[in-house]
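# Working through the structure, step by step
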Amino acid sequence: MGPLMGILTAGVVLSVVYLFAHVAAQARGRAWRAAAHAVGLTNLVSSDFLGVETGVTGRAGMLRVTLERYQRGRHEKGTRVVIDGLGHPSYEFALRKEGMGSAIEKAFGEREIELGDRVFDRLAYIHGSPRVVHAVLDHETRRLVGDLIDGSIPTGKAGQSLKARVAVSDGALRAEIPEKAFQPGGHQLPDALRTLLEASRRLVLPDDIPARLAENVKNDRLATVRLSNLLTLIREYPDYEATKVALRAACEDDDDEVCLRAGIALGDEGREVLRRIAGQVEVDDGRAARAVSALGDALTVDEAKAILEKALAVGRRATAGAAVKALGRVGGVEVIASLAAALEAEDDKLVVAAAGALGATGDAAAEGALIAALDRDGPTIWPAIAEALGRVGTAAAVAPLRTMASRYPFDLGLRRASRQAIAEIQSRLTGATPGQL
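Residues numbered from 1 in each chain as written. Predicted model: local features only at pLDDT ≥ 70, side-chain atom pairs only at ≥ 80, totals over all residues. Heavy atoms only, no water.

## A word on the nonpolar core
For soluble globular proteins, nonpolar side chains are generally found buried alongside one another. We apply this condition: Nonpolar core, defined: a set of buried Ala, Val, Leu, Ile, Met, Phe, Trp, Tyr and Cys residues in which side-chain atoms within 4.5 Å join the residues together. Only protein chains enter the accessibility calculation, which uses a 1.4 Å probe. A residue is then buried if its area is under 20% of the maximum for its type, exposed if over 50%, and partly exposed in between. Pairs of residues are marked as contacts when any of their non-hydrogen atoms sit within 4.5 Å.
Of all hydrophobic cores here, the largest spans 117 residues; its most connected members are Leu370 and Leu401. In contact with leucine 370, not counting residues within four places along its chain, are Leu343, Ala355, Leu358, Ile385, Ala388, Leu389 and Val392.

## What to know about the confidence of the model for the protein chain
Condition: The predictor attaches a confidence to each residue, called pLDDT, with possible values from 0 through 100.
Confidence along the protein chain averages 86 in pLDDT terms, with 86% of residues attaining 70 or more. This stretch, residues 431–437, has a pLDDT under 50; its non-local contacts, to residues over four places away or in other chains, come to 11 contacts.

## Remarks on the pattern of salt bridges
The following threshold applies: Salt bridges are identified by distance alone: a Lys or Arg side-chain nitrogen within 4 Å of an Asp or Glu carboxyl oxygen. Labels follow the DSSP assignment, with helices taken as runs of H or I lasting at least four residues and strands as runs of E lasting at least two, numbered in each case from the N terminus.
According to the stated counting rule, one finds 23 salt bridges in the structure shown. Measuring nitrogen to oxygen at the nearest pair gives 2.7 Å for the salt bridge that ties glutamate 257 to arginine 287. Note that glutamate 257 is positioned in helix H10 (residues 256–266) and arginine 287 in helix H12 (residues 285–295), a separation of 30 residues in sequence. Looking at glutamate 257, the relative accessible area reads 9%, which means it is buried. The network of salt bridges with common partners includes Glu68, Arg72, Glu76, Arg80, Arg165 and Glu176.

## Examining the packing of helix H7 (residues 209–219) against helix H9 (residues 241–250)
Our working rule: Axis definition: a line fitted to C-alpha atoms, over the contacting stretch in the case of helices. Angles run 0 to 180 degrees between N-to-C directions. Oblique is the label for any angle not covered by the other classes, which are roughly parallel (under 35 degrees), roughly antiparallel (over 145) and roughly perpendicular (65 to 115). Ten residue types, Ala, Val, Leu, Ile, Met, Phe, Trp, Tyr, Cys and Pro, are classed as nonpolar, four, Asp, Glu, Lys and Arg, as charged, and the remainder, Gly among them, as polar.
Contact geometry for H7 and H9: axes closest at 9 Å, N-to-C directions at 5 degrees. What the angle tells us is that H7 and H9 run roughly parallel. Taking contact as the criterion, the partners of Pro210, Ala211, Ala214 and Val217 in H7 are, on H9, Ala242, Ala246 and Ala250. Among the residues forming the contact of H7 with H9, the class breakdown is 7 nonpolar, no polar and no charged.

## Some thoughts on the packing of aromatic side chains
Our working definition: Stacked, tilted and edge-to-face are the three classes applied to pairs of Phe, Tyr and Trp rings, where Trp contributes its six-membered ring and a pair requires centres within 6.5 Å; stacked means planes under 30 degrees apart, edge-to-face means over 60, and tilted covers the rest.
Counted according to the given criterion, the structure contains 1 aromatic pair. Ring geometry for tyrosine 237 against tyrosine 240: centres 4.9 Å apart, planes inclined by 70 degrees, an arrangement best described as edge-to-face.

Right, dumping it as structure tokens:
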């Protein structure tokens, strides 16, 4: 009787387990169909295995939606929602939560795309085609998808959500929703499915990517994201009309960096916005300096002199340096006074740049300011001044150059610069021979 009782007991247990599984599968199937009907899926098709329902598939417009059972390990099981038809080819758009796996991938050189939204970039691991990623992930999409990627599906009720794992790859959104005990399918599944469909519709590949990027440049709430969309347009679609329209609109952006990049990309058409950025004290110093550099030969002497004067007055070193370079390119007597004023700056790099610009003028009228600058206590700036004097100096510069070198007899670089400058001056003096100076 013992073995027979064991067999009978095992048979009863297995029957109960099967019955429970069958009842749970039926309940899960009802929950799937109820959710499908609630969100308006059409062309519903059920699949089963040995009489147990394993999935429901339907359509929401161009999207195909599948609800199926999944199991992870021994203890986790639930409903997997797969929404296919986003239109992204493989490897063109992928999105999942940052974690150990993404950290390992990045450690091995996988390049992640960052949108400029610090919160979203920190949360999500994104890779694929930058033009597609930037076009799709506008502000509202990031808000909605951010919750999903973080592991929570809002259900439409205040403060309520379902825990889930959500990722996007190969043109499909996939969500795994664990089941609560004795609630196969979950009573909140219709609301969760509605949210997933809304997110999927926003993730569909746009028909006109340049137009979507241009729209993001205009409308995104974050300046850093507007900028990243603008740079993507410039890089990927430089000759498109949508890019030109976006660039013109970006010149009026509230963010100076967006305006600057737009002005540079527009070339001649963007000069006015570059002039505005270059001349405003309120603009970041480095940004104004880049505007000055971008203007190049389009910056007039009077404009460069005015920018330099204002920059020196308020201690904007980068802007002053860019203006000095601009004046150095122009050359001539008219720039010498402005460049000489820069020799009195506290910043050694600016003094070196001013000395180089004065030397580049090739005019002896610059000699006086350069000789006067040798009286400054600055061995780091003297070689640049000596080099400039070598280009514009006369016999009057020889004694000051020798005095400068004698202050630091063990500075071989300084002594070499002094000797070279004196040799150049000597070579320009008609009839002079070595030893006469």
